Amino acid sequence: MNLPAHLNLRQRYNLTVFIAIALAYCLLISLLYKVIDNYAGDYTSHYWQDYTKTFSDSVKYSVIMRSTSVSEALTHNFASDKNVLKASVYNSQDELLATSGGNLNCMATQTGFTTSLVIDTHDYWCFYSPITQAANFLGHVELIISKADLKAVFGQLLWASGLIILVFTVFIFFVVRHFSGLFTTTLVEMATVLKDVSQGKRGRRVAFSGAADIDMMRDVFNDMLTRIELNEQALEQRVADRTSELKIALDNSQAGNVYKSQIMAMVSHEMKTPLHAVVAGLQLLYEQVPQGPGHELNREYHAKALNRANELNSYIDNMLLHGKLEADQFEVAPALVAIKPLMQGCADKVAPLQDRNRNRLTLSGQDISVVCDAEVLRHIVNNLLSNACKFTLEGDITLSWWLEQAALVIQVGDTGCGIPDEFRARIFDAFWQVDMSLSRKYGGYGLGLAIVRQFVQQLNGDITVGANGGKGTLFTVKIPNSAGRLAHPP
Amino acid sequence: MRKGIYKGLLFCFFIISSPANGKEPRIVIAYPASETSQALTYTHVIDGIEKAVGHAERLEVTEGADTVQAQLDRLHPDKVIALGKKVAGTINKTSYLKLMLVGLAHFNPAEYNGVSLTLDSRSLGAQLSRFVPSVKRVFVVQQAGHQTIESVPAISGTQPTLEIREGSDQLATIRLLGHLVGEEATATDAVFIPANLPIDILYEVAKVAWDKKIMLLSTNLAQLDTGTLMGFYPDELALGEQLGQLVTKKNPGFESIKGINSALNRKVAQYLSIDFDPATLDLFTVKIK
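Residues numbered from 1 in each chain as written. Chains lettered and ligands numbered in written order. Predicted model: local features only at pLDDT ≥ 70, side-chain atom pairs only at ≥ 80, totals over all residues.

Peer 1: Residue-level account of the sheet that holds strand β9 (residues 189-192) of chain B, with values.
Peer 2: All names here are of chain B. Taking strand neighbours across the sheet as the criterion, the 7 strands line up as β8-β6-β9-β10-β11-β13-β14 in an open arrangement whose pairing is mixed. Single-partner strands in this sheet number two, and they are β8 (161-167) and β14 (286-288). In this sheet, neighbouring strand axes are inclined to one another by 20° on average, regardless of whether the strands run parallel or antiparallel. By the bridge criterion, 5 bridges tie strand β11 (residues 230-234) to strand β13 (residues 260-265) in an arrangement that is antiparallel. Its bridge partner lying in β13, Y233 is registered against N261. Contacts from helix α6 (residues 121-131) reach β6 (137-143), β8, β11 and β13, with the element oriented near 40° to β13. (Pairing = 2+ DSSP bridges. Helix = DSSP H or I, 4+ residues; strand = E, 2+ residues; numbered from the N terminus. Axes fitted to C-alpha atoms, helices over the stretch in contact; angles between N-to-C directions. Contact = placed C-beta atoms within 7 Å.)

Printed below as a string of structure tokens:
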């Protein structure tokens, strides 16, 4: 039951109690009324059944003697009661011997009433009783009895009961209301104070008083509010302190970023500028070394120096790229990209590395186009293929791609040394390699996969690594395929 | 001479030793085993019999027992008096049925020999003429098969005339009685109501009779307090004596009871303005106020 929202706790309580008491009384009186009604109905019915039996016994002699006048006199005598609407006597052939008059008819379907019968209608009863002498059936009597008096009595009883209910309900309501005030006042005050406290008002306390346990509740409640306020103050102080510390840390971080940018600029300018000069010089020197016998060693040294310089340049580029990604300063430039040529280009680029380790590279995929940053995608595929060629010796490398629902899926698999299960979670960390010892077999700074993951994230994609069947590694890259931006091949 | 003396002595010996003159008939009174008040009734009847015949053997018959034949064989009776209809039925199945006389039961001459409980109308008439000499006509209403008064032609002309009317069944008997009391009888008549009249009908009949000041008489004492003036019932001792006298007869037949006791409802008598002198009043064995 939903009580009106504007009522306070005490009013709700009082209203609930009032309704409950009224309902209980109504239920009780209804039950009592029903029981009394049934009992009185049965009692009255039995009384009139006996009356009918007496009537049949009384007219028996006159029926035996076939004395209509005596039967008439007895019938009128029994019909003199104001509740008797009609009294009649019938012989064994159901012929009317005597009647008090009246046109009421109970529509009894039965004839030859050898046993007593009662027909109960809304307004009256019809009682039938046989007239017998020993085993001889002589006829029957009929009495129609009005229920008006009984109904009138019960009507008065109902009115009186209703009045009593009303008086008692009001009385008990006021008694309950008086006693409910003793504790609902307390609850209402506590609710008010709690509401103020929840709105940030400090220093509010309850002031109710009463019995010892009520006073104890007041003190405990006020103590609890005091402790809450103290805790809040301590918490606010801690928040202020932490905020101050964070501000200092933020300032330091911002200063660090400035330093980092300066370092990156310095690396870019101060390291790459001379390195470009070194590469250019080495390139010129390499070109100036004459062809022919006696110069092979010279050309070999120049070529190695040039390769190392290029590798160093590449490492520095990777470091700069990583720094840029970390600083979230890299922006992708989406455009329609034909995937198959891109993949073929990547395969061509790693061909020297592939040949060096005598690997076999297989490409498979549809001729599709997607909207993507081609340079970023190329970097991802190049890096994964380079790693596959690097860590696979005389094995098979596969590069495959396809469209799956709303994503471009690229898989690079190899049959190389593989990655142990316990290291798979860390291989995308920057500057981390499975073998980080100085005597490790494979070189590098451990930035390649970290940059790949950052690039995939820039494209809102996902990269996972697992075992490639029984041997090697399988990288799977999923890049979201926006329906409006992906074009299917004709 | 000697031969003549011898013949004379021999004749005397036969005369003396003859059973007809030297031995009393052996009489057995068979009565039902009873521990109720009926036992007293049987005692009274047996006392009456013994008063008439002297000593008699008593045989208590237990209901359902099949030893009656053997018991009777052992007693070897010349006559058997059976008290009650059940005992009569039991003995009727033995070889002594022809020696049996029945008492203390309603029966007709075709059934048994003995003294029936139906009242002898002559004795009844004699008592009525003594108690209420003003009554000239007595109606006896009874149901066929439930007769309580046996009509015997009156000897004395001073007795009231007795008219017996029988109904074929209870309803017919009630209608007969109702018609008689309501239409035919007058205040100088007396009406014997059926002994088996239902009490509620008796109330109705008594009401009519009360209004017409008709004397109601009954052979059922239970009806005495319901508007009946006098009740008549068997005198048990006299019944025993009558049985004792009958059993000594050479060819006993059927008799109705002659010894009759009478009872009086004094309130009804007062209402009917019938006065009794003390001597007459003493003749009533039962008087209710």
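Alright, that's what it looks like, and here's the rest.
Peer 1: So, the interface of chain A and chain B: which residues are in play, and what are the values?
Peer 2: Between chain A and chain B, the residue contacts involve 8 residues of the former and 8 residues of the latter. No other element matches the 4 residues that helix α1 (residues 9-64) of chain A contributes to the side of chain A that touches chain B. The class makeup of the residues in the side of chain A that touches chain B is 4 nonpolar, 2 polar and 2 charged. (Nonpolar A, V, L, I, M, F, W, Y, C, P; charged D, E, K, R; others polar.)

Peer 1: I'd like to hear about the environment of G395(A), residue by residue, with values.
Peer 2: Residue and element names in this part refer to chain A. With respect to the helices, strands and loops of the structure, G395 is situated in the loop between α8 (374-390) and β9 (396-404). What makes G395 partly exposed here is the crowd of 19 C-beta atoms within 10 Å. Separated by 21 residues in sequence, G395 and G416 place their C-alpha atoms 6.6 Å apart. For G395, the contacting residues outside a window of four places in its chain are N359, D414, T415, G416 and G472. (Buried ≥ 20, exposed ≤ 12 C-beta atoms within 10 Å, placed from the backbone.)

Peer 1: Tell me about unusual backbone geometry, and please be specific about residues and values.
Peer 2: Across the chain, the bulk of peptide bonds are trans and the bulk of non-glycine residues have phi less than zero. Even without a glycine there, the phi angle at D94(A) is positive, about 60°. By secondary structure assignment, the location of D94(A) is in the loop between β1 (84-91) and β2 (96-99). A positive phi angle is found at H76(B), which is not glycine, with a value near 50°. In this fold, H76(B) is placed in the loop between α4 (68-75) and β3 (79-83).

Peer 1: Residues and numbers for helix α7 (residues 170-184) of chain B, please.
Peer 2: Compared with the 21 Å implied by 1.5 Å per residue over 15 residues, the 20 Å span of α7(B) between its first and last C-alpha is a close match. Those residues of α7(B) that sit buried are Q170(B), T173(B), I174(B), L176(B), L177(B), G178(B), L180(B) and V181(B). Where α7(B) is buried, its residues contact α1 and β4 (124-133) of chain A together with β6, β8, β9 and α8 (199-212) of chain B. (Expected span 1.5 Å × (residues − 1).)

Peer 1: Can you tell me about the packing of helix α3 (residues 38-53) of chain B against helix α9 (residues 236-247) of chain B, naming the residues and giving the values?
Peer 2: Residue and element names in this part refer to chain B. For the pair α3 and α9, interaxial distance at closest approach is 6 Å and the crossing angle is 40°. The angle between the axes of α3 and α9 places the two elements in the oblique class. At the point where α3 passes α9, the crossing takes the right-handed sense. Residues T41, H44, V45, I46, D47, G48, I49, K51, A52 and V53 of α3 form the contact with α9, whose participating residues are E236, L237, A238, L239, G240, E241, L243, G244, Q245 and V247. Here the residues of the contact of α3 with α9 are counted per class, giving 10 nonpolar, 6 polar and 4 charged. (Parallel < 35°, antiparallel > 145°, perpendicular 65-115°, else oblique. Left-handed = near helix turned anticlockwise from the far one by under 90°.)

Peer 1: Let's hear about the confidence of the model for chain A: which residues, and what values?
Peer 2: This prediction gives chain A a mean pLDDT of 85; 93% of its residues lie at or above 70. Within the model, the stretch residues 485-490 of chain A combines pLDDT values under 50 with 11 contacts to residues more than four positions away or in other chains. (pLDDT = per-residue confidence, 0-100.)

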